[in-house]
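A structural walkthrough
The chain contents come next:
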Amino acid sequence: MTGRSATTLLGLVVLVVAVSLWAACVERSPIVLGVVISETGPAAEYGKAVRMGIDLAYAEAVEQGGFPEGRRLALSYRDDGGKPDASLAAAKNLVGVTQANLLLGGLTSGVAQAVIPFLVEKEVVMISPSASAPSLTAQGGGWFFRVYPNDAAETQQIGAAVRNLGLAEVAVLTYNETFGRSLSELFAAQMTADGVKIAVQESFDAPLAADRAKELAKKVVAAKVRAVYIAGLVNEVAALCQALDAEKFDGVKLASSAVTSDIVKLAGPAAERLIFPQAAFELEGSAPKIKSFADAFQRKYNRAPGVYAAYGYDAMQAMVAALRKTQRGTAGEVRTQLGALSLDGVTGKLAFDNRGDVRRVPHLTAVVKGDLHHFDKLDAALRAALLP
């Protein structure tokens, strides 16, 4: 072999090695999972809890591996501040710049609604940990999923409680955002169907000013109703419970699943006789899956998890489970696998219907003597405690 031939051969070898290394780098570029949640703004407390659940599930997923083509999974966060336009801008940045075709987010119905048309246009999958307006999955065209039961399921549960309590009239106080309006419309329709009169119907913004809370409480008390339904976030529900208590309201308070177990701490004694839907997530006497999650959460954050951390964890678990079953990690493949998913989550079974709604109904929780009581149907003793 001549010197020139040897040099040419060596050059070819170097070129082949370089191309192989380049191809390996391209093939093993990370799968980017974008996360758009509200870490500031009215829903910040929910966003922080959801992020802790997502981060825990992500750490476990990275340790276990098993992603398509041997690639790693990378998270990229954006804070939308609870603003629909900011949520849409964040989603566009994640998809267009960061190259994410899978998203977790849409913390509230308002921000999810703003993003959904973009998801459909770009064929990007999103799983929401907590958006609940029924219309969202219908608009999502099979690209929007949620691990959180939709509002129709929970308002049916609250409606059943109203019937069991034998109430003839209720007041309705609504957070003036897509989430609150959706809940109130469904609740009002349920009451109309059941022959229950809505004596007061008022709205409020978040954060809720003390004088507005007092004004609303006075209107409820003046109407002489025995029940008030509050479609709002937990801080506003707590403030309204306290305002109602100050005005000597002696009826039962009803709320949405936006209320968490922190309500007892936030509202104090004013939380008494409050009923709200909640995921079947209980730490004491838990199933092994829930106990494992709770123990890992305690080790990582030095605190017990709440229900919204559990929803964040389950949203991530669902995405990871679907992603691992794909060949290349594309949005289309993940969408297909989510449709076939059947997984035990910490908030319940993770299985979606053909619209993307999780197949689950929350149970009801009542605050009685400062404790949380979970139930599916009111018995005589609980009914007497709620409406003495």
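Report on the accompanying structure.

Calculation rules
- The residue numbering used here restarts from 1 in each chain and proceeds along that chain's sequence as written.
- Local features are withheld for residues below a pLDDT of 70 in this predicted model, meaning they are given only at 70 or higher, and side-chain atom pairs are given and counted only at 80 or more; totals for whole chains, interfaces and linings count all residues.
- Working from all heavy atoms in the structure, the side-chain values ignore hydrogens and water.
- Only DSSP runs of H or I reaching four residues or more are called helices, and only runs of E reaching two or more are called strands; each is numbered from the N terminus.
- Throughout this description, buried means an accessible area under 20% of the type-specific maximum (1.4 Å probe, protein chains only), exposed means over 50%, and partly exposed covers the range between.
- By definition, residues are in contact when any of their heavy atoms lie within 4.5 Å.
- We treat two strands as partners when DSSP finds at least two bridges between them.
- Under this scheme, a helix contributes an axis fitted over its contacting stretch, all axes are lines through C-alpha atoms, and angles between N-to-C directions fall in the 0 to 180 degree range.
- Residues belong to a common nonpolar core when they are buried Ala, Val, Leu, Ile, Met, Phe, Trp, Tyr or Cys residues joined through side-chain atoms within 4.5 Å.
- Between Lys or Arg on one side and Asp or Glu on the other, a salt bridge is scored when a side-chain nitrogen of the former is within 4 Å of a carboxyl oxygen of the latter.
- For any pair of crossing helices, the crossing counts as left-handed if the nearer helix is rotated counterclockwise from the farther one by less than a right angle, and right-handed if it is rotated clockwise.
- For this classification, Asp, Glu, Lys and Arg are treated as charged, while Ala, Val, Leu, Ile, Met, Phe, Trp, Tyr, Cys and Pro are nonpolar and the rest, including Gly, are polar.

Attention now goes to unusual backbone geometry. Ala-206 connects to Pro-207 through a cis peptide bond whose omega is 0 degrees. On the secondary structure map, Pro-207 appears in the loop between strand S7 (197-204) and helix H8 (210-222). Notably, Glu-69 is not glycine yet its phi reads approximately 60 degrees, a positive angle. By secondary structure assignment, the location of Glu-69 is in the loop between helix H2 (44-64) and strand S2 (73-79). Despite not being glycine, Glu-123 has its phi angle at roughly 55 degrees, a positive value. Along the chain, Glu-123 falls in the loop between helix H4 (109-122) and strand S4 (125-128). Note on Glu-123: relative accessible area 48%, which makes it partly exposed.

Residue placement: Leu-167 occurs in the loop between helix H6 (151-164) and strand S6 (169-175). For Leu-167, a relative accessible area of 10% puts it in the buried group. Taking the C-alpha atoms as reference points, Leu-167 and Val-225, separated by 58 residues in sequence, lie 8.8 Å from one another. With sequence-adjacent residues up to four places away left out, Leu-167 is seen in contact with Val-162, Val-196, Arg-226, Ala-227, Val-252 and Leu-387.

In this section: the sheet that holds strand S14 (residues 371-375). A sheet is described by the order of its strands in space; here seven strands give the open sequence S7-S6-S8-S9-S10-S13-S14, paired in mixed fashion. In this open sheet, the two edge strands, each paired with only one partner strand, are S7 and S14. If you compare each strand with its neighbour and ignore which way they point, the axes differ by 25 degrees on average. In terms of strand pairing, strand S10 (residues 274-278) meets strand S13 (residues 363-368) through four bridges, oriented antiparallel. The residue bridging Ile-275 from the neighbouring strand is Ala-366, located in S13.

The next point concerns the nonpolar core. By size, the foremost hydrophobic cluster in this structure holds 109 residues, and its most contacted members are Ile-263, Ile-275 and Leu-338. At 14 residues, helix H12 (residues 307-324) tops the list of elements feeding residues into this core. Apart from residues no more than four positions distant in its own chain, Ile-263 is found in contact with Val-234, Val-237, Ala-238, Gly-268, Ala-271, Leu-274, Phe-276 and Val-367.

Strand order across the open sheet formed by five strands is S2-S1-S3-S4-S5, with parallel pairing between neighbours. The open sheet has two edge strands, S2 and strand S5 (144-146), and neither has a second partner. Taken pair by pair, the neighbouring strands of this sheet meet at an average axis angle of 25 degrees, ignoring direction. As paired elements, S4 and S5 share three bridges and run parallel to each other. Bridge assignment links Met-126 to a residue of S5, and that residue is Phe-144. On the sheet, H2 packs against strand S1 (31-37), S2 and strand S3 (102-105) and is oriented at approximately 170 degrees with respect to S2. Relative to S3, H12 is tilted by about 165 degrees, and along the sheet it contacts S1, S2, S3 and S4.

Applying the stated criterion across every chain yields a total of 16 salt bridges. When the shortest N-O distance is used, the salt bridge between Glu-202 and Arg-212 registers 3.3 Å. A residue pair is termed long-range when its members are at least 10 positions apart, and Glu-202 in strand S7 and Arg-212 in helix H8 qualify at ten residues. For Glu-202, a relative accessible area of 22% gives the class partly exposed. Residue Asp-295 is joined to Lys-291 by a salt bridge in which the shortest nitrogen-to-oxygen separation is 2.9 Å. In this pair, Asp-295 and Lys-291 both sit in helix H11 (residues 288-301), four residues apart, roughly one turn of the helix. Owing to a relative accessible area of 32%, Asp-295 belongs among the partly exposed residues under this scheme. Overall, the relative accessible area of 47% leaves Lys-291 in the partly exposed class. Through salt bridges with shared partners, a single network forms among Glu-202, Arg-212, Glu-215 and Lys-219.

Looking now at the packing of H2 against H12. Contact geometry of H2 with H12 gives a least axis separation of 6 Å together with a crossing angle of 35 degrees. For the element pair H2 and H12, the recorded crossing hand is right-handed. Facing H2, whose interface residues are Tyr-46, Ala-49, Val-50, Gly-53, Ile-54, Leu-56, Ala-57, Tyr-58, Glu-60, Ala-61 and Gln-64, H12 presents Tyr-308, Ala-309, Gly-312, Tyr-313, Met-316, Gln-317, Val-320 and Arg-324. Tallied by class, the residues present in the contact of H2 with H12 amount to 13 nonpolar, four polar and two charged.

So, on to the pairing of S13. Consecutive side chains of a regular strand alternate in pointing toward one face of the sheet and then the other. Among the six residues of S13, six are classified as buried, and the element is accordingly described as predominantly covered. What you see with S13 is no split at all: His-363, Thr-365 and Val-367 on one side and Leu-364, Ala-366 and Val-368 on the other are buried throughout. Where S13 meets S14, five bridges bridge the pair, whose relative direction is antiparallel. Along S14, the bridge assignment pairs Thr-365 with His-374. Remark: two residues form the turn of the hairpin made by S13 and S14, two consecutive strands paired antiparallel; Lys-369 in that turn has positive phi of roughly 55 degrees.

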